[in-house]
Each structure stands twice: as structure tokens, then as C-alpha cells.
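# Survey of secondary and tertiary structure
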Amino acid sequence: MEFELDRTQINGFDALLDTTLRTEETLEMIVPDACPDILRVVETEGKVLLHRRETVEGRVELTGSIRGMVLYLPDGEEGVRHLDINIPFTCAADNAAIAPGCSVVASARCCRADTRTINPRKILIRAEAAVDVTVFAPRMETICSQVLEASEQRVEQLTETREVYLTACVQEKPFPFSEDVTLSASKPAAVELLKNRVTLSRGESKIIGNKLIFKGSANVSLLYRGQDNGAYTATAELPFSQIMEISGVAEDAECDMTLALSGADCALNMEDDGRTVSVTLEVLAQAVVRETRVLQVLTDAYSTREPLEVELAQCPMDTRLDRGVRSQNVREVWEIPTPVRELVDCSMTVGQLTRSQEGERLVLTAQVELQILYRDEEGSLFSVQHPMTVPCALELPEGCRSFCQCEGVGDVYAAPAPGGVEVRFALDFRYCALERRTLAALSGLHPGEAPEEGGAHPSLVLRMLGRGERLWDLAKTYGTTIADIISANELEDEAAAGERLLLIPRRR
């Protein structure tokens, strides 16, 4: 007969894919009739909106659009003008284990954008986007914790306590967000919104019952043309707070939140004399919740009454090596060929995040693109871009599974310096490192065949523990119990067995 086992079902998720996809898109655009001819393109800046994430057999596909603005100086007119751009894109990654129903966590950013003038009425725009994507598949494991009614069936069982780190929940919530930004009264009123930049920052998150409460902010940077045809900037931090429904996790679980834009619109409200900009966003919040669980695992069993056959299952499980945030402060003097009289705007974008193993260190390297808009000594507007790399070393061993992100923190500081511009900014490298181990657990137990009789059994057995041997091994070999061995040798506990000669009683 089959012995009845107490089985624990563990539901979670397994990461099948964790990568960054790059896409480069081009667009030829005709200048609308209502806009003046282009004398010179000044700057191009974009942001990425994610529209669709889908998994099919062996593949994940993402679609979105690069939205932005081209700033240019018009021919024969004063002041800067802008053109709105919208470039759709599709990117994908292959993995044989991906199937419909997998969960996709993604975020995207525009790494670089530039525009070339073909003629005064036609331009060619090139934009690069980076999309971070992680695909999770539902996973279910069954672990046996004990033999039911073991004492009645004279079954001895060995259980061990194991700690595992489980990706317990992958959940998302889209939500709209709108707010008004009031422009400074000390600057001229706006007549045209030239460009906008929106970055999402995560804040605190907390699990209470079956709800995840999380905070964040939308950091908005605006550039507009004033009534005097000058270019002016405005910034605002717009906080938000949301509640997401989750289940099956403890309140002390750890949450990694990823925020992505799926829609963004900034519009100048001319009914307010050009002093208000209405910001409307569509935000996708994506939560990956991990927690440590302590499991009781049945690893071996035998009977003092009859032979048993044991079936073992190998269950791959994760343990947590490390999790945290490493901040890097960067300062660099950026050489610019033309003298800078005034800085108008400065931005920083994190592109590809690469990883390399150097012994017991994992080195993360973020590709960063800096862009500044400035006036030269004659008052003309120019924009320049500057790529750089920022490394971050983590003490993590080779072979671990790491989930890493890099994001800018706070504002970018820029100021004219001898020979160029001094730039300062900070990056946060977020990481979660796991080690996959195999958990051997008993999965089946049923009567076995009786061994052939090999002659008379000794009435008395004296044994010492061998190297690496446990009282459990002796008891199982001779068909007795640990309790009987301890009692027969008048031991206080198992640890007292040491290297002494032990009397092994036989059960009848």
C-alpha cells in the first residue's frame, strides 16, 4: 500500500528571461504647412511609451512609440519652434520556455535622438530606445513535509528545515494621473510649449493584508517659448499614491516596483494667460514581490517493521544572497568646443546596463547619455550630447542569478566651467542576487521487497559512528530508532554520541 504523505503546495513564479532590448528607428517627416521653414535644428529629445506586452510560444513581443519634440530655429522668424514626433516600434526576444500566460515586467527609455535636415521642409529623425524586460512563468512545486500516521505504522522519518526565497507574486496596475503645473510669475508667460520630459520615480511601498500601498512621483521638466521669444524652463515634482491588490504574501515580503509610461501629454493652457501646463499621464505600475519562506522537508524514511522503497524528487529552489541599492555619484568636466555663456537645460538618460564577472565581483556598467541645451557667447542656442559609462562593483559570486536596474536619482547639476561644462549626477544601482540550489525531498513511500535471508543475525551490535555518519544512518541500517540507541547508551542527546563505541539495539 502507498503511505499517505502530508504535501505542501508552493505557488510562485520563475524568471525565464531578463534582458535589455535595443531598437533604432528612423522617420522622415514633412514640416507641417502651419510651421515656418527650418533654418537650423537645435535639439531632439524623446520619451518612450509602452503600449503592448505579449507572450506567445517561445517569444515575448513589445510594442510602443517614441514620442518627442524637435527644436529648431525658423527661417526669417524670431524664437525657437518645435515639431512633435511619434515613431512606433516593435521589439522581441526569444526563449523556448516562454508561453502564453507568462507575466511581463518592462520599462523603456529613449537613449538617444537626433535630427538631420534634408531641406527646409523635410527632416530625418533617428531615435534609439532601450527596453528592460523580464518574463516570469507561473510555477508550482509540491514538497512533502511528513508521513501521516507514522507512529502507528512504525515509520521513522527524517525532516529538515530549509529556507527558500520565492518570487511569490507578479502583479500590475495601470492608472491615470493628471496635475497642473503653474509656471513662474517671474518669467514671461508662455506662448508655446517647446518640449517636455517626464521621469517616474518610485517611493516607499508597504504590504498591509492583501493590499500593496506604494508611492512615487512624476518629475516633469518643461521648456517653453515666452512672450519675448526667449526659451525658459520649469520643473515640478508631482507625487502620487496607489493601492494594488495582491494575495498570498506576508506583510514583511520585499517588493521591487517598476514604473512605465504608457501615455503622456503636456498641454499649455492658454485660457490661463499661458501660466499653466496640464500634465496627463498613463502609468503602469508593476510589482515583483519576493519573500523568504521556511519549509519543513521530508528527506528520508524507513520502517522498523517492513522494508520500504523511497522515491526522491529534485526541486530547484532559490535562496537569497544579497539585495540592496548601491549609489554612485558622478562628477565630470565635459569639454565643449564653443564657449558656454548660459545653460538652458540639461538631461541624463541611462541606456544599456551590462554585466561582467571578475572573480567574486559582479561589475555593472551603465551606459549614460548626457545632453545639454546652451547659449554661446553670441546668444545662439546649441545642443550637444555626451556618452559616458558608470561602473558599479558588487561582491557577488560567479553563477548567481542577479536582477539589476539602474536609474537616475534627483536632478542633474550642470554649470559652465573653464573649457566646458561641469556635470554632476547620481545613479542608483538596484540589485537582487539569488542562488539556485536543488532541494532533495521524499516524494513517494511504499512497501518494498524483503531482503533475502543471509544467515543468522548477531544478537549484539557494537559500532562507532563513521566519518559523516549520523545516528539516523545507524538506526536505519539496523532497523531500530534513534531514541532506542540514545536510551541503550544512556546518552543525553545525539551530539553526545561522538566517537564512542555504541550499542545498537535491534527491534523485534
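Check the entry above for the structure.
Notes on the structure follow. Since the model is a prediction, treat every value here as computed from it, not as a measurement.

So, on to the overall build of the protein chain. A count of helical and extended segments in the protein chain gives two helices and 20 strands. What you see for the protein chain is a C-alpha radius of gyration of 32 Å, clearly larger than the 23 Å of a compact globule of 508 residues, by over 25%. Its C-alpha atoms give the protein chain principal-axis dimensions of roughly 115 × 45 × 40 Å. A buried classification covers 48% of the 508 residues belonging to the protein chain.

For the rest of this paragraph, the subject is the pattern of salt bridges. Scanning the model with the defined rule gives 42 salt bridges in all. Notably, a salt bridge pairs K195 with E43, separated by 2.6 Å at the nearest N-O pair. Note that K195 is positioned in strand β8 (residues 190-208) and E43 in strand β2 (residues 38-56), a separation of 152 residues in sequence. Taken as a pair, K195 and E43 share a single burial class, namely buried.

Within the secondary structure, P138 sits in strand β6 (residues 122-147). Judged by relative accessible area, P138 falls into the exposed class, the value being 57%. P138 sits 124 residues away from D14 along the chain, and the two C-alpha atoms are 6.5 Å apart.

To continue, consider the nonpolar core. Of all hydrophobic cores here, the largest spans 50 residues; its most connected members are L212, L222, M257 and L281. Counting residues per element, the ones that place at least two in this core are β7 (155-182), β8, β9 (211-226), β10 (231-245), β11 (254-269), β12 (276-303), β13 (308-335) and β18 (420-447). Broken down by element, this core gets its largest block of residues, nine residues, from β12. Leave out the neighbours within four places in its chain, and L222 touches V181, L183, L193, K195, N196, Y232, T233, A234, C266 and V277. Ranked by size, the runner-up nonpolar core spans 34 residues in total, among them L17, L21, V31 and V41.

This part takes up the packing of aromatic side chains. Taken as a whole, this structure holds six aromatic pairs when the rule is applied. Through successive ring pairs, a cluster of aromatic residues spans F175, F177, F214 and F240. Sitting over the face of the ring of Y165, R320 holds its NZ or CZ atom 5.9 Å from the ring centroid.

Conventions used here
Residues numbered from 1 in each chain as written. Predicted model: local features only at pLDDT ≥ 70, side-chain atom pairs only at ≥ 80, totals over all residues. Heavy atoms only, no water. Helix = DSSP H or I, 4+ residues; strand = E, 2+ residues; numbered from the N terminus. Rg over C-alpha atoms; globule rule 2.2 N^0.38 Å. Buried < 20%, exposed > 50% of the residue type's maximum accessible area, 1.4 Å probe, protein only. Salt bridge = Lys/Arg side-chain N within 4 Å of Asp/Glu carboxyl O. Core = buried A, V, L, I, M, F, W, Y, C linked by side-chain atoms within 4.5 Å. Contact = heavy atoms within 4.5 Å. Phe/Tyr/Trp six-rings, centres within 6.5 Å; stacked < 30°, edge-to-face > 60°. Lys NZ or Arg CZ within 6 Å of the ring centre and 35° of its normal.

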